[in-house]
Amino acid sequence: MATIVTGGTGFVGSNIVRELAQHGHQVVSIDVAKPDAMALRYLEPQSSNVTWVHGDILDQNTMDRVLEDHEIDKIVHAAVYTAIREDIERSESRRIVSINVDGTANLLELARKAQVARFVYVSSGGVYEGLGSQGQTLTEDTPLHPRQLYNATKYASELITHRYGELHGFEAAAVRLGGPYGPMERATGHRVVMSTLHQWTGKAVRGETIDAETEGYWDFTYVLDIAAGIRTVLDAPSLTHEVYNLNRGVQVSAQELVSAFREASPSANINLRTGNGADMPQSSSSGRIMDSSRIRDDLHFEARYDLVAGLEAYIQWRREFGYTT
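In this text the structure is predicted, and so the values were computed from the model without any measurement.

## A closer look at the packing of aromatic side chains
Applying the stated criterion across every chain, the model contains 12 aromatic pairs. Between the aromatic rings of Y42 and F321, the centroid separation amounts to 6.1 Å while the plane-to-plane angle is 70°, which identifies the pairing as edge-to-face. On the criterion of sequence distance, the pair formed by Y42 in helix α2 (residues 37-43) and F321 in helix α11 (residues 307-321) is long-range, its members being 279 residues apart. The exposure class assigned to Y42 is buried, which follows from its relative accessible area of 7%. Plain terms: the ring middles of Y222 and Y305 are 4.6 Å apart, the flat faces sit at 50° to each other, and that makes the pair tilted.

## Some remarks on the packing of helix α7 (residues 196-206) against α11
Contact geometry of α7 with α11 gives a least axis separation of 10 Å together with a crossing angle of 60°. Here α7 is positioned oblique relative to α11, judged by the angle of their axes. The interaxial crossing formed by α7 with α11 has right-handed handedness. Contacts between α7 and α11 involve L197, H198, T201, G202, A204 and V205 from the former and L311, Y314, I315, R318 and R319 from the latter. Looking at the contact of α7 with α11, its residues break down into 6 nonpolar, 3 polar and 2 charged.

## Re the pairing of strand β7 (residues 171-177)
The two faces of a sheet get side chains in turn, since along a regular strand they alternate between them. Extensive coverage of β7 is indicated by the burial of 6 of its 7 residues. Across 7 bridges, strand β5 (residues 118-124) lies against β7 in parallel orientation. Bridging across to β7, V120 finds its partner in A173. With 4 bridges connecting them, β7 and strand β12 (residues 243-246) associate as parallel partners. Paired with A174 across the strands is V243, a residue of β12.

## What to know about the pairing of strand β2 (residues 26-31)
Counting buried positions along β2 gives 5 out of 6 residues, so the element sits mostly inside the fold. In terms of strand pairing, strand β1 (residues 2-6) meets β2 through 5 bridges, oriented parallel. Following the sheet pairing, A2 is matched in β2 by Q26. After leaving β1, the chain enters helix α1 (residues 11-22) and then returns to the sheet as β2, a path that is right-handed.

## Quick look at unusual backbone geometry
Notably, M184 is not glycine yet its phi reads approximately 80°, a positive angle. When you line up the elements, M184 lands in the loop between β8 (180-181) and α7. Under the relative-accessibility criterion, M184 is labelled buried at 0%. With a phi close to 60°, H300 is a non-glycine residue in the positive phi region. Relative to the assigned elements, H300 resides in the loop between α10 (293-299) and α11. On the basis of relative accessibility, which here comes to 70%, the residue H300 falls in the exposed class.

## Looking at the packing of α7 against helix α9 (residues 254-264)
Relative orientation of the contacting elements α7 and α9 amounts to 35°, with a least axis distance of 12 Å. For the pair α7 and α9, the sense of crossing is right-handed. For the pair α7 and α9, the contacting residues are L197, W200, T201 and A204 in the first and L257, V258 and F261 in the second.

## A look at α11
Compared with an ideal rise of 1.5 Å per residue, which puts 15 residues at 21 Å, α11 spans 21 Å between its outermost C-alpha atoms and is within 8% of the ideal. Between a side-chain oxygen at the N-terminus of α11 and the backbone nitrogen of V308 the separation is 3.3 Å; the capping residue is D306. Positive phi shows up at G322, right after α11, with a value of about 65°.

## Here's the deal with the sheet that holds β12
What the 7 strands build is an open sheet, ordered β3-β2-β1-β4-β5-β7-β12; its pairing is parallel. With partners counted over all chains shown, the strands left at the sheet margins are β3 (50-54) and β12, one partner each. Looking at each pair of strands side by side, their axes are set apart by 20° on average, direction ignored. Note that strand β4 (residues 72-77) and β5 share 4 bridges and pair parallel. Paired with H77 across the strands is Y121, a residue of β5. Contacts from helix α5 (residues 93-114) reach β1, β4 and β5, with the element oriented near 165° to β4. Strands β1, β4, β5, β7 and β12 of the sheet are contacted by helix α8 (residues 223-235), whose axis makes an angle of about 145° with β5.

Cut-offs and rules
- Residues numbered from 1 in each chain as written.
- Predicted model: local features only at pLDDT ≥ 70, side-chain atom pairs only at ≥ 80, totals over all residues.
- Heavy atoms only, no water.
- Phe/Tyr/Trp six-rings, centres within 6.5 Å; stacked < 30°, edge-to-face > 60°.
- Helix = DSSP H or I, 4+ residues; strand = E, 2+ residues; numbered from the N terminus.
- Buried < 20%, exposed > 50% of the residue type's maximum accessible area, 1.4 Å probe, protein only.
- Axes fitted to C-alpha atoms, helices over the stretch in contact; angles between N-to-C directions.
- Parallel < 35°, antiparallel > 145°, perpendicular 65-115°, else oblique.
- Left-handed = near helix turned anticlockwise from the far one by under 90°.
- Contact = heavy atoms within 4.5 Å.
- Nonpolar A, V, L, I, M, F, W, Y, C, P; charged D, E, K, R; others polar.
- Pairing = 2+ DSSP bridges.
- Right-handed = clockwise from strand over helix to strand, strands pointing away.
- Expected span 1.5 Å × (residues − 1).
- Polar contact = N/O pair within 3.5 Å; in protein donor to acceptor, adjacent residues only side chain to side chain.

Pasting the structure below:
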């Protein structure tokens, strides 16, 4: 039996493919982009357990071909147009909705036809848009009202996923990611805004100065922990909830971030400053504290990488792969 992963050549998707293949899944990756040299190298140790399908999730012929060629047991839907800047949101409005909502509907139809056992939708902490101020802890039961198209389409896809599962008899869960960073983040046709930890680690390996703000707080989660958490939800014997936050659940201040980065990369040149122009993180974790106790209590999952260990591993990967962009 095969496990479908959409967006498998991208940042989070390639790490999900890697994690699942390492743990015995026969993975079929569907992506509009062919695997580049970096993806092939990253997944090479697991290549015997990975089949690459070059196709668009909006194309019915691709969906039909996958259904015909593979016996599908589970699906992880991670493909998305990550458009979090307003200029991209304005210029690409229809495309964002098409990929993020119509694409989800196509995968759910595939799940229905294949009679899968479980469907995991990879959502985002961005659904908590407008919430989390003044240190509010955000649980999976927090009422949501996202407005930006990316965040709104993620939440809409969560709701559609849950209802499809109810109607068609398969288990469906959404996993809300908090502040992912790490290997394989790079510019693609559907990811055009890089995280600031991508910028910081790039500057560190290039020997450039990092301008760091002195205020703010975040919650960062190393992408290998993200992938392991998704596998935990996918493979759990049973699920007691429809939604799980997946993050470290540890608030990190600007000062703590700088301290951790200096410990992970002692040679990094960091310039502390205030005001505009600093290279400070802009991500779905900015200013929010997502409660991760549900996935810990229900499924006994906890992130293994603290911030220092994650940054060390990320910088080491960059150097090993010669990725200095």
